[in-house]
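Here are the chains, one letter per residue:
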Amino acid sequence: MGSLEATTETGCALVHLANYLLNPALHAAAVDFVDQDLTGRTAPFHLAHAELLSLDKIADAAVVVAAENFHQYKDDEDDHPIANRVPLDHVRWFWALHPQQVVRIVCSSDEKTGRSHITAGADLTSRILAQYVAARISDIDEDFISALFGDEERLLEAIDPSASIELLKLATRFPLLPAAQDLRRRCIKEASEAWDTTLL
């Protein structure tokens, strides 16, 4: 019996196929591959496809891995407009996630301790979210802002000044939403305090 020829792009599909065919050998091999392949760089891809195929255990694992490696999703081409960037695969896969999948990652926490799985600091997390917002702003709804920036659920104790302009653009799309109003105030404060780097 030959070894399973799987890739990041086919891993979840093979698990789904094994479930459909009721093939335990294929299922074990495919799950083992995904377990080995699931890293910070591949987690966004696996999360998107696991949710699409209702592979809940893989999706849950991908959320944790993505949160623990959130710092990897920062695009280093900050000085270029989003439309002109050619991001690395893992950044591109992160930007392709549905907004609620990003919320799942950022809000994920240990069930026992309640401690966030996000290991990146608030400043870096806000920069990564600002890049995501710049890439996907037309797809982001009120639930995204309320979950990540609402008063009661505020997850970011700080917003990096370099992230303030993109997040401000998002906040102005929902002028009557309390969480957006709070985000707007915070962004204006950060931008004004660092005007020489933010606005020039």
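Residues numbered from 1 in each chain as written. Predicted model: local features only at pLDDT ≥ 70, side-chain atom pairs only at ≥ 80, totals over all residues. Heavy atoms only, no water.

A. Region of interest: unusual backbone geometry. Located in the positive-phi region is leucine 22, a residue other than glycine, with phi close to 55 degrees. Its place among the elements puts leucine 22 in the loop between α1 (11–21) and α2 (24–37). Judged by its relative accessible area of 72%, leucine 22 falls in the exposed class. If you check the backbone angles, serine 54 has positive phi at about 55 degrees while not being a glycine. Relative to the elements of secondary structure, serine 54 occurs in the loop between α3 (43–52) and α4 (56–68). Using a relative accessible area of 56% as the deciding quantity, one classes serine 54 as exposed. (Helix = DSSP H or I, 4+ residues; strand = E, 2+ residues; numbered from the N terminus. Buried < 20%, exposed > 50% of the residue type's maximum accessible area, 1.4 Å probe, protein only.)

B. Region of interest: the side chain of aspartate 160. The residue aspartate 160 is located in the loop between α8 (142–149) and α9 (161–171) in this model. Excluding anything up to four places from it in sequence, aspartate 160 contacts Asp123, Ser126 and Arg127. (Contact = heavy atoms within 4.5 Å.)

C. Spatial organisation of the nonpolar core. Grouped together as the largest cluster of nonpolar side chains are 54 residues, with contacts concentrated most on Phe94 and Phe144. Looking at this core, the element that brings in the most residues is α4, giving 7 residues. Residues in contact with phenylalanine 94, not counting those within four places in the same chain, are Pro44, Phe70, Tyr73, Val102, Ile105, Ile128 and Tyr132. (Core = buried A, V, L, I, M, F, W, Y, C linked by side-chain atoms within 4.5 Å.)

D. Focus on the packing of aromatic side chains. A full pass over the atoms with the stated rule returns 6 aromatic pairs. Ring centres of phenylalanine 70 and phenylalanine 94 lie 5.5 Å apart, and the angle between their planes is 85 degrees; on these two criteria the pair is classed as edge-to-face. Of the two residues, phenylalanine 70 is situated in the loop between α4 and α5 (89–96) and phenylalanine 94 in helix α5; the sequence distance between them amounts to 24 residues. Of the two residues, phenylalanine 70 and phenylalanine 94, both sit in the buried class. Aromatic side chains tyrosine 73 and phenylalanine 94 sit 4.9 Å apart centroid to centroid with 5 degrees between the ring planes, which places their arrangement in the stacked category. Here tyrosine 73 is found in the loop between α4 and α5, whereas its partner phenylalanine 94 is found in helix α5, with 21 residues between them in sequence. An aromatic cluster is built from Phe70, Tyr73, Phe94, Tyr132 and Phe144, whose rings are joined through pairwise contacts. (Phe/Tyr/Trp six-rings, centres within 6.5 Å; stacked < 30°, edge-to-face > 60°.)

E. Inspection of the pattern of salt bridges at higher detail. Scanning the entire structure with this criterion turns up 8 salt bridges. Notably, a salt bridge pairs aspartate 60 with arginine 104, separated by 2.7 Å at the nearest N-O pair. Taken together, the positions of aspartate 60 in helix α4 and arginine 104 in helix α6 (residues 99–107) put the pair 44 residues apart, joining distant regions of the chain. The partner of aspartate 89 in a salt bridge is arginine 92, with the nearest N and O atoms 2.3 Å apart. Residue aspartate 89 and its partner arginine 92 are located together in helix α5, separated by 3 residues, close to a single helical turn. With a relative accessible area of 41%, aspartate 89 lands in the partly exposed category. Accessibility expressed as a relative area gives 41% for arginine 92, which makes it partly exposed. Each of the salt bridges in this network shares a partner with another, and the network as a whole consists of Glu51, Asp60 and Arg104. (Salt bridge = Lys/Arg side-chain N within 4 Å of Asp/Glu carboxyl O.)

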